[in-house]
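Listed here are the chains, written in short residue letters.
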Amino acid sequence: MSENPGLSSSAVQASREVRAVISRLRRRILNAAEVEDITLGQASVMARLSGKEGVTASELAAAEGVRHQSMTATVAALAGMGMVERSPDPDDGRRLLITLTAEGHRRVEEGRQARTEWLAGQLQGKCTEEERRTVIAAMAVLERLTHD
């Protein structure tokens, strides 16, 4: 793949470095809250259900980029662990709506808390106050990239 000749070398270098660091940081953050009885895919589905009133397996499959059959198996496993419940859609009785149970909400919140504490601890222990301010400023720059 050839690089766009209109891009500056600093833009290309920044792109490569941001993608590499974000990828590694994402893995580290996710591992900080890893629970042995829940897979990464299951945790992702639970996080996606958080704050939602009810979602179908088809909607979850599309959002997660997996086949409907795979999502059905993931939901069944989560239901078996008491993390989600399925109930008939009041507007279409043929469909089932999936929601987090109280235990599912608790586990999602515990995971978020563990990830926040891990990253805050890393920033506290490995960065100076000035470096943390630099990170905050860099996040504002990166946030701009997420808006069209």
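Residues numbered from 1 in each chain as written. Predicted model: local features only at pLDDT ≥ 70, side-chain atom pairs only at ≥ 80, totals over all residues. Heavy atoms only, no water.

A. Expanded view of the overall build of the protein chain. Assigned secondary structure in the protein chain consists of six helices and two strands. Beginning at the N terminus, the succession of helices and strands in the protein chain can be written as α-α-α-α-β-β-α-α. Taken over C-alpha atoms, the radius of gyration comes to 20 Å for the protein chain, far larger than the 15 Å a tight globule of 148 residues would show. C-alpha extents for the protein chain along the principal axes are approximately 55 × 40 × 25 Å. Relative to its 148 residues, the protein chain shows a buried fraction of 20%. Pairs at least 24 apart in sequence give 49% of the contacts found in the protein chain among residues at least 6 apart. For the protein chain, the exposed surface amounts to about 10600 Å²; the carbon and sulfur share of it is 54%. (Helix = DSSP H or I, 4+ residues; strand = E, 2+ residues; numbered from the N terminus. Rg over C-alpha atoms; globule rule 2.2 N^0.38 Å. Buried < 20%, exposed > 50% of the residue type's maximum accessible area, 1.4 Å probe, protein only. Contact = heavy atoms within 4.5 Å. Areas by Shrake-Rupley, 256 points an atom, 1.4 Å probe, with all protein chains shown as cover.)

B. Local environment of helix α5 (residues 102-126). The first and last C-alpha atoms of α5 sit 36 Å apart over 25 residues, in line with the 36 Å expected at 1.5 Å per residue. Turning to α5, its buried residues are G104, R107, V108 and G111. In the core, the buried residues of α5 are packed alongside α2 (40-49) and β2 (92-100). (Expected span 1.5 Å × (residues − 1).)

C. Local environment of the packing of helix α3 (residues 57-64) against helix α4 (residues 68-80). Contact pair α3 / α4: the axes reach a minimum separation of 9 Å and the direction vectors enclose 110 degrees. For the element pair α3 / α4, the angle class is roughly perpendicular. Between α3 and α4 the crossing geometry is right-handed. In this structure, α3 contributes A57, S58, L60, A61 and E64 to the contact, and α4 contributes H68, M71, T72 and V75. A class-by-class count of the residues in the contact of α3 with α4 yields five nonpolar, three polar and one charged. (Axes fitted to C-alpha atoms, helices over the stretch in contact; angles between N-to-C directions. Parallel < 35°, antiparallel > 145°, perpendicular 65-115°, else oblique. Left-handed = near helix turned anticlockwise from the far one by under 90°. Nonpolar A, V, L, I, M, F, W, Y, C, P; charged D, E, K, R; others polar.)

D. Just the pairing of strand β1 (residues 84-89), in detail. The pairing of β1 with β2 spans six bridges and is antiparallel. Within the sheet, the bridge partner assigned to V84 lies in β2 and is L100. (Pairing = 2+ DSSP bridges.)

E. Layout of the side chain of T99. Checked against the element boundaries, T99 lands in strand β2. Setting aside anything within four residues of it in sequence, one finds T99 in contact with E53, G54, M83, V84 and E85.

F. Focus on the pattern of salt bridges. All told, the structure shown has eight salt bridges when counted by the stated rule. Of the charged contacts, one joins R48 and E64 as a salt bridge, the two residues approaching to 2.6 Å between their closest N and O atoms. Of the two residues, R48 is situated in helix α2 and E64 in helix α3; the sequence distance between them amounts to 16 residues. For R48, a relative accessible area of 34% corresponds to the partly exposed category. One network of salt bridges, with partners in common, ties together E103, R106 and E110. (Salt bridge = Lys/Arg side-chain N within 4 Å of Asp/Glu carboxyl O.)

Geometry only, nothing functional implied.
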